[in-house]
Structures are given as structure tokens and as C-alpha cells.
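Here's the letter readout for the chains.
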Protein chains: 2
Amino acid sequence: MPRTTTHAPDLDWTDPECPVARTLDLVGDRWSLLVVRDAMDGVRSFTEFQRRTGIARNILTDRLRKLTAHGLLSQRTAPSGRRQEYVLTDAGRALFPVILTLRQWGERHAFAPGETHSTLVDQHGIPVPKIAPTSADGTPLGTDTTHVQKAR
Amino acid sequence: MPRTTTHAPDLDWTDPECPVARTLDLVGDRWSLLVVRDAMDGVRSFTEFQRRTGIARNILTDRLRKLTAHGLLSQRTAPSGRRQEYVLTDAGRALFPVILTLRQWGERHAFAPGETHSTLVDQHGIPVPKIAPTSADGTPLGTDTTHVQKAR
DNA sequence: CCAATCAGTAGCATATTGCAACTGATTTGA
DNA sequence: TCAAATCAGTTGCAATATGCTACTGATTGG
């Protein structure tokens, strides 16, 4: 039978051409990325997601289903007991740079000058350096030095 | 009178502690980041934003206002003529890494294996390398090698 | 066995978004 | 110059999405 890809239930994209738009079609709502953030912090149970985000339970049900359907989370039976748990797939973990850049932007632009906020640190407690896009030869890149090249 | 910061009309944060949540409170809806994406491509006029995104005009009005109110866009009178235009502020341009990582995730995970898509290239037409978070000493970082440290 | 916890569902109220039509100020062009 | 078109919205109403509260049904712990 004709399943052409292993991918998710096809949805109709906002703009099928644009990778940014496609990504936002999957996780560009109020809650999905917060669920992913918490999953990255090690959260696995329905109740814990609910407690941390404050999301309504029916919406959480919906989001967990969607993320699972699109292959960002997988649902499995917990090793001990018969409790369910949600864990990030490789695709889900690959959102790490997205969450990180959102975090870094927020730290810099969504807090007042003196205001304190949490920080992301590595194993040794050293803050994660700021992401700075560069070209292959190392020169910094920004909006003025890049552009989108349409697919051939 | 007591205006303590120069910042935007204070909104009530989903989770005031978390920079990710704060960022998503500002741009974590269906459309804002697409508007920012287009602004990075050089779009400045209401109509052009509308045409590119396909967003309803009343919603676009609302989003442009919000982005302006929160300091991501500034609205000014176009140099020639008396037409209005919206341009990214420094804070808005600082979302470049966010858009870039969303794009890179999408290219990799939201297209079927053989499917073509656009690419972001630099001045010389060379594709922008993939963002890979590292610690200060250069070792790659992921969800398992980082954690959030609460503010002191 | 009883109470508590977990993972949801169901029903209804509110909020957000989308659609289509309308305005009012330019701008174009015949 | 006058009509048509474009730009940047606004308004009203319909369709969706979200949130809140209460309920269920399966485990689990004591």
C-alpha cells in the first residue's frame, strides 16, 4: 500500500515552499514549543506538562497528540509500571537550537535591563554562549548579508 | 510618574521566569514570525505583507501594531511620498537566529527526503551552515548536556 | 477496600481568527 | 480633470480555537 513517506498526517501548509512556514505549521502555536521546552528539561508525564505550563488539559491532550502524530514526540509505556510517557524523538530534540535562540532572544529583549532571569548552562555550570550565525568562512551573517534562494 | 522601563505595554506573561515563554508571549502565534521573516526579506508595506503571508488584513493590522508596540518593528513615513512603512528595529533583527533555526529545522524535518525547498545563502550564494550550539570551549551541546539554572 | 493520582472527555463560555464588505485618502492614467 | 485603482485600514458577523469546570475510568498506595 502506498505510503510514500514515513511522515505525519499531511496537513495543508500555510506556504508549502517555505521551511519557516512549515515549521510554524507544526509548532507555531501558543503551546507546542513550551511543551517541547519542558520535554527537553526531562518532563515525560501528562500531569507534569500540565503543571509546568498551566495549559488546559484538553488542549494539552490535543498538542501531545499532534506532536506525536508529526513525529516530534513518541508515546510509550514507562519502563516501570504501566504508566504512559512522552519522550522527544530525534526530530523533537533537533528543535534544541530553536528553543535556545528563542531563549537567548528573550533574555536579551524581553527582560528589563536590571531584571534577573534564568540561564542555560552546560555540565560545568558555564553559560551557553550566544548563537551567532556565520558563513562557512566564519564571517558573521545577518539579515542584510543573506537571502533566500528558491529551489531549483 | 513611574514608568520604570522604556519597554512595551506590559502584558501578563505565561511564565514570567522563563525567557522562552516570554519570547513566545510576544511572537508565539501563528503569524508574527512570518511577518518578521518577510520583514527580513525586505518587505515594508502593509499590502506586501498581506500578499506574501495570506494573513487576513484585520489580523495583520493587529500583528503589526503588536510588533510595533513591543519594539520589534518601527513604523515610519516612507522617504519618498507620504506612504507608511514598517521596518525591523534592532530587537526585531535580533530574531534572525530564531528564524534561521526554524528554517533549518524545517528544511531537515518538514520536507520529505527527496523534496526540494529553498535555501538561505550568503552574499556569494553559499548556503548558510547549520547552527550547532557549542559550549565556550567548542564542544557540541544538546538537551542532555545543558540545563536551566534559576536566577539568583 | 478507600482515597488519591493519572490521563484523559464532555459541555459550555469566552477569545481569537477569518471573511467579506465598506471607508477614506492618495495615485495613476486616459 | 475625472474615473478607476491602490493602499491601509475598519466594521460586523461567522467559524474556530481555547479555557474552565466537572466528570470518568483505570491504577496505585496504604
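Just so you know, these numbers come straight off a predicted model, no measurement behind them.

Criteria and cut-off values
Residues numbered from 1 in each chain as written. Chains lettered and ligands numbered in written order. Predicted model: local features only at pLDDT ≥ 70, side-chain atom pairs only at ≥ 80, totals over all residues. Heavy atoms only, no water. Near = heavy atom within 4 Å. Polar contact = N/O pair within 3.5 Å; in protein donor to acceptor, adjacent residues only side chain to side chain. Phe/Tyr/Trp six-rings, centres within 6.5 Å; stacked < 30°, edge-to-face > 60°. Lys NZ or Arg CZ within 6 Å of the ring centre and 35° of its normal. Contact = heavy atoms within 4.5 Å. Buried area = accessible area lost by both parts, 1.4 Å probe. Salt bridge = Lys/Arg side-chain N within 4 Å of Asp/Glu carboxyl O. Helix = DSSP H or I, 4+ residues; strand = E, 2+ residues; numbered from the N terminus. Axes fitted to C-alpha atoms, helices over the stretch in contact; angles between N-to-C directions. Parallel < 35°, antiparallel > 145°, perpendicular 65-115°, else oblique. Nonpolar A, V, L, I, M, F, W, Y, C, P; charged D, E, K, R; others polar. Core = buried A, V, L, I, M, F, W, Y, C linked by side-chain atoms within 4.5 Å. Buried < 20%, exposed > 50% of the residue type's maximum accessible area, 1.4 Å probe, protein only.

(A) Seen up close, the protein's contact with DNA strand D. Residues in close proximity to DNA strand D total 18 residues, the closest being N58 and R63 of chain A together with T47, T61 and Y86 of chain B. When the atoms of DNA strand D within 4 Å of the protein are sorted by group, sugar and phosphate make up 74%. Within the side chain of T47 of chain B, one N or O atom sits 2.6 Å away from a phosphate oxygen of DNA strand D. Residue R65 of chain B places a side-chain N or O atom 3.3 Å away from a phosphate oxygen belonging to DNA strand D.

(B) Fine view of the packing of aromatic side chains. A full pass over the atoms with the stated rule returns zero aromatic pairs over all chains. Above the face of the F111 of chain B ring, R22 of chain A is positioned so that its terminal group lies 3.8 Å from the ring centre.

(C) Examining the interface of chain A and chain B more closely. Contact residues are listed per partner, giving 74 residues for chain A and 73 residues for chain B. Taking both sides of the interface into account, the surface hidden between chain A and chain B amounts to around 6,700 Å²; carbon and sulfur atoms contribute 68%. For the pair chain A and chain B, the number of links is six salt bridges. Residue R30 of chain A pairs with D25 of chain B through a salt bridge whose shortest N-O separation is 2.2 Å. Between the two partners, chain A and chain B, sit 21 residue pairs in polar contact (both at pLDDT 80 or more). Looking at the side of chain A that touches chain B, the elements with two or more residues in it are α1 (19-27), α2 (32-40), α5 (90-93), α6 (96-109), β3 (119-122) and β4 (146-149) of chain A. Top element by residues in the side of chain A that touches chain B is α6 of chain A. It accounts for twelve residues.

(D) Region of the structure containing the packing of α2 of chain A against helix α1 (residues 19-27) of chain B. One way to put it is that α2 of chain A packs onto α1 of chain B with a least axis distance of 10 Å and a crossing angle of 170°. Judged by the angle between their axes, α2 of chain A and α1 of chain B are roughly antiparallel. Between α2 of chain A, through L33, L34 and R37 of chain A, and α1 of chain B, the contact on the second element is made entirely by V20, A21 and L24 of chain B. Per-class residue counts for the contact of α2 of chain A with α1 of chain B are five nonpolar, no polar and one charged.

(E) Looking closely at the nonpolar core. Ranked by internal contacts, the top residues of the largest apolar core, which has 72 residues, are F49 and L95 of chain A together with F49 and L95 of chain B. F49 of chain A has contacts with V35, D38, A39, V43, R44, G54, L60, L64 and Y86 of chain A, leaving out every residue within four places of it along the chain.

(F) Quick look at the pattern of salt bridges. Residue and element names in this part refer to chain A. Across all of its chains, the model carries 28 salt bridges over all chains by this definition. Salt-bridge contacts for R37 lead to D38; the nearest nitrogen and oxygen are separated by 3.1 Å. Owing to a relative accessible area of 8%, R37 belongs among the buried residues under this scheme. The salt bridge involving R52 is made with D41; its shortest N-O contact spans 3.7 Å. Pair noted here: R52 is in helix α3 (residues 46-53) and D41 is in the loop between α2 and α3, with a separation of eleven residues, a long-range link.

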